[in-house]
Amino acid sequence: MKRLAPSFSVLVVPIVLAGCIGPIDYLNTVARKARRAVAEAESVNAEKLSPYEYWSAVTYLRMAREKAAQADFEDANKYGKKSVEMGELAKKLASEKASQGPNATETLPEEAPVVIEPSPGGQQ
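Residues numbered from 1 in each chain as written. Predicted model: local features only at pLDDT ≥ 70, side-chain atom pairs only at ≥ 80, totals over all residues. Heavy atoms only, no water.

**Quick word on helix H3 (residues 51-69)**
With 19 residues, H3 extends 27 Å from end C-alpha to end C-alpha; this agrees with the ideal 27 Å at 1.5 Å per step. Among all positions in H3, only Glu53, Tyr54, Ser56, Ala57, Val58, Leu61, Ala64, Lys67 and Ala68 are buried. Positive phi appears at alanine 71, one or two residues downstream of H3, with a value of about 65°. (Helix = DSSP H or I, 4+ residues; strand = E, 2+ residues; numbered from the N terminus. Expected span 1.5 Å × (residues − 1). Buried < 20%, exposed > 50% of the residue type's maximum accessible area, 1.4 Å probe, protein only.)

What follows is the structure in structure tokens.
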């Protein structure tokens with residue numbers, strides 16, 4: 001006679017494996033890719049040449065590690081992916097500026113507000 005009900009292992013194995021995907025993806029994304037992206041950005045002096053992107057990558061990496069410490073691997077992986085994106089962008093921008101030679105200037109991010117300080121004595 002045929003069995004109509006699925007076996008226990010067919011139901012349980014996917015559920016158990018679904019719980020393991022978060023930590024495995026974390027190891028691949030954060031522990032390997034994001035850390036490497038930040039290290040490569042550091043190697044091309046991204047901290048000075050593309051500070052917004054570099055520090056975004058560092059901060060996203062830090063947040064990914066904090067979320068993983070709380071066993072929130074879904075958010076940890078999201079932050080890890082953002083860290084990879086920003087680290088690669090920082091490396092690309094820093095490399096482009098470094099190739100411009102010693103005249104490459106440190107630039108502020110486009111979103112940064114311009115602060116105009118009043119001149120001494122209140123006169124312009």
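**Quick word on the nonpolar core**
Core analysis: the largest hydrophobic core is formed by 18 residues, its most contacted members being Val38, Ala46 and Tyr54. Elements represented by at least two residues in this core include exactly helix H1 (8-43), helix H2 (46-49), H3 and helix H4 (73-99). Looking at this core element by element, the count peaks at six residues for H3. (Core = buried A, V, L, I, M, F, W, Y, C linked by side-chain atoms within 4.5 Å.)

**Description of the packing of H3 against H4**
Interaxial distance between H3 and H4 falls to 7 Å at its minimum, and their mutual angle equals 160°. On the basis of their axis angle, the class for H3 and H4 is roughly antiparallel. Handedness of the H3/H4 crossing: left-handed. Here H3 contributes Tyr52, Glu53, Tyr54, Ser56, Ala57, Tyr60, Leu61, Met63, Ala64, Lys67 and Ala68 to the contact with H4, which in turn contributes Phe73, Asp75, Ala76, Tyr79, Gly80, Lys82, Ser83, Met86, Gly87, Leu89, Ala90 and Leu93. (Axes fitted to C-alpha atoms, helices over the stretch in contact; angles between N-to-C directions. Parallel < 35°, antiparallel > 145°, perpendicular 65-115°, else oblique. Left-handed = near helix turned anticlockwise from the far one by under 90°. Contact = heavy atoms within 4.5 Å.)

**So, the side chain of lysine 97**
Here lysine 97 is to be found in helix H4. Nearest to the buried, unbridged lysine 97 among oppositely charged side chains is glutamate 53, at 6.4 Å. (Lys, Arg positive; Asp, Glu negative; His and termini not counted. Salt bridge = Lys/Arg side-chain N within 4 Å of Asp/Glu carboxyl O.)

**Digging into unusual backbone geometry**
Non-glycine residue asparagine 45 carries a positive phi angle of around 65°. Position of asparagine 45 among the secondary structure elements: in the loop between H1 and H2. Under the relative-accessibility criterion, asparagine 45 is labelled partly exposed at 39%. Positioned with a positive phi, alanine 71 is a non-glycine residue whose angle comes to about 65°. Position of alanine 71 among the secondary structure elements: in the loop between H3 and H4. By relative accessible area, which is 57% here, alanine 71 ends up exposed.

**Comments concerning the environment of arginine 65**
One can find arginine 65 in helix H3. Remark: the alpha-carbon pair of arginine 65 and glycine 80, spanning 15 residues in sequence, is separated by 8.4 Å. Beyond its immediate sequence surroundings of up to four residues, arginine 65 is in contact with Tyr26, Val30 and Arg35.

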